[in-house]
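Structure assessment
Each chain is listed here by its residues.
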Amino acid sequence: MDVSLVGLRVLREVAERGTFTAAGEALGYTQSAVSRQVAALEQAAGARLFDRYPGGVRLTAAGRALLRHAVTALDALEAADRELRGEQDDTGRVRLGFIPAAGAVVVAGALAMLRRERPQIEVTTREGTTPSLVRALRTGALDLALLSSRPPFRSPDTDDPPLHVEPLLDDRLVLAVPADGSFADRATVTTDDLAGQTWIASPAGVDEPLLGIWPGLPGRPRVHHAARDWLTKLHLVAAGAGITTVPSTLLSAVPLGIRLVTIDDVPDERRRISLVRLPGPTAPATDALAHALRQQAAELAE
């Protein structure tokens, strides 16, 4: 199969970004240039590599097969380039992705532990949604990811080979409300109490769910403020701008002026944070970071 390195890089970037436009922005190409590279790859492969759908693209089975080999080839070429330049290898580097809810408590604590015990390991991090982080794992852009799931806690995708998923921490959603607001003297509320409340939520996108609204509430929620950052949402709550949902493990990171309450007339909303990676052997530095993440999660669960 006659393919170019540029084509393989485009394949990897489109697979990770989910759209031709985003891949072009990351590579410095126009959207039409990305389309031409993908068309050339599909002609060389004799198969469609991406399924197109409104808002993005997804790899086909043929695309996933080619991507696995493309990642291996590109990683080998990058290693060769580092060796020829006389640069040190990157076996002491780990690339970690995480959902926003895991950053303030699990990731921060694990990195502090790792700096004390294994300061020679360099960790780079990326925050993202579960779908975007899964794509980054599949393309080899990440070594580990902390992802969230709801019951029945299925694997984050159905691609082959199956991802290695290790449960770290089970949690539940609670409500963050202003400490001096209408729920100031309440430990629990009901769904009726929430009627007409103003909500603070993250903006929803093609692969980004609306976070911050209690799932399954009747009616259309009044979302007056949209923010992806948890700290911003919590400070808006403290300012009396509305209420939002948070995992109960964020209690230690909640700023002043906020109370956490539960809803007592609906079942608990359970969440699970899992450590996810591609199957196969891992580097010692990756194992060390995984150990630190396990330790931090275990402390939070106590």
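In what follows, the structure referred to is the one given above.
In what follows, the accompanying structure is described. In this text the structure is predicted, and so the values were computed from the model without any measurement.

Moving on to the overall build of the chain. Along its length, the chain carries eight helices and 12 strands. Expressed as lengths along the three principal axes of its C-alpha atoms, the size of the chain is roughly 70 × 45 × 30 Å. Going through the 302 residues of the chain one by one, you find that 41% of them count as buried. By sequence separation, contacts in the chain at least 24 residues apart represent 73% of the contacts at least 6 residues apart. Carbon and sulfur atoms make up 51% of the accessible area of the chain, which totals about 15600 Å². Across the chain, the 33 positively charged side chains and the 37 negatively charged ones have centroids separated by 3 Å.

Attention now goes to the nonpolar core. Judged by nonpolar contacts, the single largest core of 47 residues is most densely connected at Leu-144, Leu-146, Leu-168, Val-246, Leu-275, Leu-289 and Leu-293. Of all elements in the fold, only strand 3 (93-98), helix 5 (100-117), helix 6 (130-138), strand 5 (144-149), strand 6 (164-178), helix 7 (230-238), strand 12 (270-277) and helix 8 (284-301) reach the threshold of two or more residues within this core. With nine residues, the single largest contributor to this core is helix 5. Apart from the residues within four sequence positions on either side, Leu-168 is in contact with Leu-146, Ile-273, Ser-274, Leu-275, Leu-293, Arg-294 and Ala-297. In this structure, Val-10, Leu-11, Ala-15 and Val-34 belong to the second largest nonpolar core, which totals 19 residues.

Now for the packing of aromatic side chains. Throughout the structure, instances matching the rule amount to one aromatic pair. Their ring planes at 80° and their centres at 6.2 Å tell us that Phe-20 and Phe-50 sit as a pair that is edge-to-face. Placement of the pair is Phe-20 in helix 2 (residues 20-27) and Phe-50 in strand 1 (residues 50-53), with a sequence separation of 30 residues. Of the two residues, Phe-20 and Phe-50, neither departs from the other in class, the shared state being buried. Directly above the ring of Tyr-53 sits Arg-58, whose terminal nitrogen or CZ lies 4.1 Å from the centroid. Taking the ring centre of Phe-153 as reference, the NZ or CZ of Arg-272 above it sits at 3.9 Å.

Okay, the environment of Leu-175 next. Assignment of secondary structure puts Leu-175 in strand 6. Between the C-alpha atoms of Leu-175 and Val-246, which are 71 residues apart in sequence, the distance is 6.2 Å. Sequence-distant contacts of Leu-175, that is, excluding residues within four places in its chain, are made with Val-189, Leu-194, Trp-199, Trp-214, Thr-244, Thr-245, Arg-259, Leu-260, Val-261 and Ile-263.

This brings us to helix 8. With 18 residues, helix 8 should cover 26 Å at 1.5 Å per step; its first-to-last C-alpha distance of 26 Å lies within 8% of that length. Taken together, the buried positions of helix 8 are occupied by Ala-285, Thr-286, Ala-288, Leu-289, Ala-290, Ala-292, Leu-293, Gln-296 and Ala-297.

Moving on, we come to the pattern of salt bridges. Counting across every chain of the model gives 16 salt bridges. Of the charged contacts in the structure, one is a salt bridge between Arg-12 and Glu-78, with a shortest N-O distance of 3.1 Å. Of this pair, Arg-12 sits in helix 1 (residues 5-17) while Glu-78 sits in helix 4 (residues 61-84), and the two are 66 residues apart along the sequence. The class of Arg-12 is buried, set by a relative accessible area of 15%. Residue Glu-78 is classed as partly exposed on the basis of its relative accessible area of 33%.

On to helix 4, then. For helix 4, which comprises 24 residues, the first-to-last C-alpha distance of 35 Å matches the rise-based estimate of 34 Å (1.5 Å per residue) to within 8%. Taken as a whole, helix 4 has its buried residues at Gly-63, Leu-66, Leu-67, Ala-70, Val-71 and Leu-74. Close packing links the buried residues of helix 4 with helix 1, strand 2 (56-59) and helix 6.

So, on to the pairing of strand 12. Counted residue by residue, strand 12 has seven buried out of eight residues, so it is predominantly covered. Where strand 5 and strand 12 come together, five bridges link them in antiparallel fashion. When the sheet's bridge partners are listed, Ala-145 is paired in strand 12 with Val-276. One ladder, built from eight bridges, connects strand 6 with strand 12; its direction is antiparallel. Bridge pairing in strand 12 places Arg-172 opposite Arg-270.

Packed helices, taken two at a time, are described by the angle between their axes plus the distance between the axes. One can describe the packing of helix 5 onto helix 8 by two numbers: an axis separation of 8 Å at closest approach and a directional angle of 125°. Regarding the angle of helix 5 to helix 8, the classification is oblique. For helix 5 against helix 8, the interelement crossing comes out right-handed. Contact residues: helix 5 offers Val-105, Val-106, Val-107, Gly-109, Ala-110, Leu-111, Met-113 and Leu-114, while helix 8 offers Ala-288, Leu-289, Ala-292, Leu-293, Gln-295, Gln-296, Glu-299 and Leu-300.

A separate point is the environment of Ser-202. Mapping Ser-202 onto the fold places it in the loop between strand 8 (198-201) and strand 9 (222-226). C-alpha of Ser-202 to C-alpha of Leu-217: the two residues are 15 residues apart in sequence and 17 Å apart in space.

What counts and what doesn't
- Note that residues are indexed from 1 along each chain, following the sequence as it is written.
- Owing to the predicted nature of the model, reporting of local features is limited to residues with pLDDT of at least 70; listing and counting of side-chain atom pairs is limited to 80 or more, with chain, interface and lining totals taken over all residues.
- Only hydrogens and water are removed before side-chain values are computed, so all heavy atoms of the structure are retained for them.
- The way it works is that DSSP assigns letters per residue, a run of H or I at least four long becomes a helix, a run of E at least two long becomes a strand, and they are numbered from the N terminus.
- Note on exposure labels: buried denotes an accessible area under 20% of the residue type's maximum, exposed denotes more than 50%, and partly exposed covers the range between, all computed with a 1.4 Å probe on protein chains only.
- Every residue pair with non-hydrogen atoms within 4.5 Å of one another is taken to be in contact.
- Shrake-Rupley sampling with a 1.4 Å probe provides the accessible areas, and residues are treated as covered by the protein chains on show and by no other component.
- The charged-residue count follows a simple rule in which Lys and Arg add positive charge and Asp and Glu add negative charge, with His and chain termini not counted at all.
- Charge placement uses NZ in Lys and CZ in Arg. For Asp and Glu, CG and CD serve respectively.
- For our purposes a nonpolar core is just a set of buried Ala, Val, Leu, Ile, Met, Phe, Trp, Tyr and Cys residues, chained together by side-chain atoms within 4.5 Å.
- Any pair of Phe, Tyr and Trp rings, taking the six-membered ring for Trp, is counted once the centres come within 6.5 Å. Such a pair is stacked with planes under 30 degrees apart, edge-to-face with planes over 60 apart, and tilted for the rest.
- Charge over a ring is defined by NZ of Lys or CZ of Arg lying within 6 Å of the ring centre and within 35 degrees of the ring normal.
- How far a helix is expected to stretch is found by multiplying one less than its residue total by 1.5 Å.
- Counted as salt bridges are all cases of a side-chain nitrogen of Lys or Arg within 4 Å of a carboxyl oxygen of Asp or Glu.
- Strands are labelled as partners when DSSP assigns at least two bridges between them.
- The axes are straight lines fitted to the C-alpha atoms, using for helices just the contacting stretch, and the angles between their N-to-C directions are given from 0 to 180°.
- Just so you know how the angles are binned, under 35 degrees is roughly parallel, over 145 roughly antiparallel, 65 to 115 roughly perpendicular, and the rest oblique.
- Note on convention: the crossing is left-handed when the near helix lies turned anticlockwise from the far helix by less than a right angle, right-handed when the turn is clockwise.

Honestly, it's all geometry; don't read function into it.
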